[in-house]
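# Structural overview
Residue-level listing of the chains:
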Amino acid sequence: SYGGSETTMGLSVLSTAKDLEDALNAFDGIGLVSVSREDHSTVFDGSGQGTASFKMVFRITFLGLADDGDLPSIVVDSTSLGAISATVASTDGSARDGNLGVQPFTTHPSGPTNVELSIVSRSELGVSWEPPVNVGGLAVLKYLIEWDETHRFDNSRVSTTNSYSNVIDGPLVRSEVVTGTSYQIKGLEDGTQYFVRVSAYNDKGYSDAVSSSPSSAVPTKVPLHHATSIDLLVSSSEVSDRLDLHWALPTHDSRGFITELDGCGSYTGHTSDA
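Residues numbered from 1 in each chain as written. Predicted model: local features only at pLDDT ≥ 70, side-chain atom pairs only at ≥ 80, totals over all residues. Heavy atoms only, no water.

## Quick notes on the pattern of salt bridges
- Applying the stated criterion across every chain yields a total of seven salt bridges.
- Residues D22 and K18 are paired through a salt bridge, measuring 2.7 Å at the closest nitrogen-oxygen approach. Here D22 and its partner K18 are both found in helix α1 (residues 17-25), four residues apart, which amounts to about one turn of the helix.
- In this structure, R197 and E146 form a salt bridge, with 2.9 Å as the shortest nitrogen-oxygen distance. Within this pair, whereas R197 is found in strand β8 (residues 194-202), its partner E146 is found in strand β5 (residues 142-148), the two being separated by 51 residues in sequence.
- Beyond isolated ion pairs, a larger network of salt bridges with shared partners links E146, R157 and R197. (Salt bridge = Lys/Arg side-chain N within 4 Å of Asp/Glu carboxyl O. Helix = DSSP H or I, 4+ residues; strand = E, 2+ residues; numbered from the N terminus.)

Below is the structure:
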């Protein structure tokens, strides 16, 4: 509720950012707001960075608020949430302080750079990137990778109609949170087009998502990378006009994504393209 006088209809803890944004923008006295949402629940985010068993963060930005204006008071009625608790905290994103000029402040990072998408196999894609140019004054802690058959990425976020238990195309099979700067997407459908994007996170929130280059790719059969452990020896049979040449199958492709065989003779995580 806002100011004790205006109250939204009941909203699910799995409401989308747009659900909350539309509800708040329907208030008469609050002005225009923009809302983003972050899922730091451990079932979705295994990075260990700022996570909890269930943790959903909605960040509300009051657009057009004067630099010296007070933030509107938002109250959450958590009586129907059971074991889930709700906390409202305000942060001052102002860059000015009276007549003191511009003051430094922290913010979310800019997006990751050089986000590159490649085909690894008939059921895998590889995505790699570099850290943001602007980290927002705080360390970048993790990255969210999303992939979907459409550019809207409808399946990569949990909602009231797309639960964690959706093992076909739900959020747990269409996204991943990592602390490194590359990820190998597995279990994809051969011949299906997938769009991919990556977001960077610090303690002020996620950056805008950055689409990969190219923006989409289709898993398909690709040649293996060059052989490894190449060894040329004098013939073990001591034949004067013969050499023994030994080599091993590639363990990685040219971008460092895994293509090695597992103990059963099949390719780890993907269909053999040998």
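That covers the picture; the talk isn't over yet.
## Notes on the side chain of D253
- Locating D253 in the fold gives a position in the segment after β12 (243-248).
- Look at D253: it is buried, it has no salt bridge, and the nearest opposite charge is R255 at 5.7 Å.
- At 2.9 Å, the side chain of D253 forms a polar contact with the backbone nitrogen of R255.
- For D253, the contacting residues outside a window of four places in its chain are V120, H225 and T259. (Buried < 20%, exposed > 50% of the residue type's maximum accessible area, 1.4 Å probe, protein only. Lys, Arg positive; Asp, Glu negative; His and termini not counted. Polar contact = N/O pair within 3.5 Å; in protein donor to acceptor, adjacent residues only side chain to side chain. Contact = heavy atoms within 4.5 Å.)

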